[in-house]
Amino acid sequence: MADEFTARFTEAFGNQKLGDPFDPETTVGPLSSHAAVDILQAQLQDAVDKGATVLVPGGRVEGPGAFFQPAVITDITPQMRVYSEEAFGPLAMIYRVPDTDTAVAFANSSEYGLGGTVFGEVDEARRVAGQLDAGGVGINKFLGAPVVIPFGGTKRSGVGRDLGRSGMDQFANIKTYSAD
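1. Observations regarding the nonpolar core
Ranked by size, the top nonpolar core spans 15 residues in total, and within it Leu 31, Ile 73, Val 82 and Leu 91 carry the most contacts. Residue contributions to this core peak at five residues, all from helix H2 (residues 34-49). Setting aside residues up to four positions removed in sequence, Leu 91 forms contacts with Leu 40, Gln 43, Leu 44, Ala 71, Ile 73 and Val 82. Ranked by size, the runner-up nonpolar core spans nine residues in total, among them Val 104, Val 128, Ala 129 and Val 137.

2. Description of the side chain of Thr 10
By secondary structure assignment, the location of Thr 10 is in helix H1 (residues 2-14). You can call Thr 10 buried: its relative accessible area is 15%. In terms of polar contacts, Thr 10 uses its side chain to reach the backbone carbonyl oxygen of Ala 7, at 3.2 Å. Every residue in contact with Thr 10, bar those within four places of it in the chain, is listed here: Leu 55, Val 56 and Val 72.

3. Things to note about the pairing of strand S10 (residues 176-179)
A one-sided burial pattern is seen for S10, the buried positions being Thr 176 and Ser 178 and the unburied ones Tyr 177 and Ala 179. Note that strand S8 (residues 136-139) and S10 share four bridges and pair parallel. When the sheet's bridge partners are listed, Gly 136 is paired in S10 with Thr 176.

4. So, the sheet that holds S10
Ordered in space as S7-S8-S10, the three strands form an open sheet in which the pairing is parallel. Either end of the sheet is taken by a strand with one partner, and the two such strands are strand S7 (115-118) and S10. Between one strand axis and the next, the sheet turns through 20° on average, direction left out of account.

What counts, and at which threshold
Residues numbered from 1 in each chain as written. Predicted model: local features only at pLDDT ≥ 70, side-chain atom pairs only at ≥ 80, totals over all residues. Heavy atoms only, no water. Core = buried A, V, L, I, M, F, W, Y, C linked by side-chain atoms within 4.5 Å. Buried < 20%, exposed > 50% of the residue type's maximum accessible area, 1.4 Å probe, protein only. Helix = DSSP H or I, 4+ residues; strand = E, 2+ residues; numbered from the N terminus. Contact = heavy atoms within 4.5 Å. Polar contact = N/O pair within 3.5 Å; in protein donor to acceptor, adjacent residues only side chain to side chain. Pairing = 2+ DSSP bridges. Axes fitted to C-alpha atoms, helices over the stretch in contact; angles between N-to-C directions.

Below you can see the structure in the form of structure tokens.
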């Protein structure tokens with residue numbers, strides 16, 4: 001399954017159109033600042049310098065605006081910044097694992113826990129989602145919730161929840177599930 005996923009993902013990620021976020025043809029707008037582009041570029045370069053495999057080349061786009069061409073890398077090791085730092089931009093990392101238990105252990109080894117997504121047969125995806133140490137987990141879709149549903153992370157991704165009734169319980173760690 002990893003080969004097919006990687007092929008389809010890299011094709012989709014590599015066919016993005018950078019531009020004005022108000023243009024309906026645009027699929028990737030600018031980052032928040034040139035400093036954000038600098039950080040993302042440094043993370044990508046560090047990974048490449050330390051042996052990551054580039055599946056979709058990307059990086060800083062010269063010219064006006066804080067644009068970063070989407071990139072996809074794999075063969076990430078703990079020595080690379082992207083292994084333990086959040087990448088706030090279109091830099092995707094693909095990790096191959098031999099089984100579900102290893103995938104859950106790997107995901108939970110992160111010091112962050114804002115959200116995640118599990119794709120698969122619904123009952124199995126729900127089982128796996130319940131094992132993830134994250135504030136929210138999308139099931140067969142990316143996590144998205146209306147304002148009446150609490151949102152927040154675990155570990156270094158936040159304490160407490162915004163929105164909804166649980167927003168009043170600022171120091172609770174409640175997991176949000178989202179499924180179709």
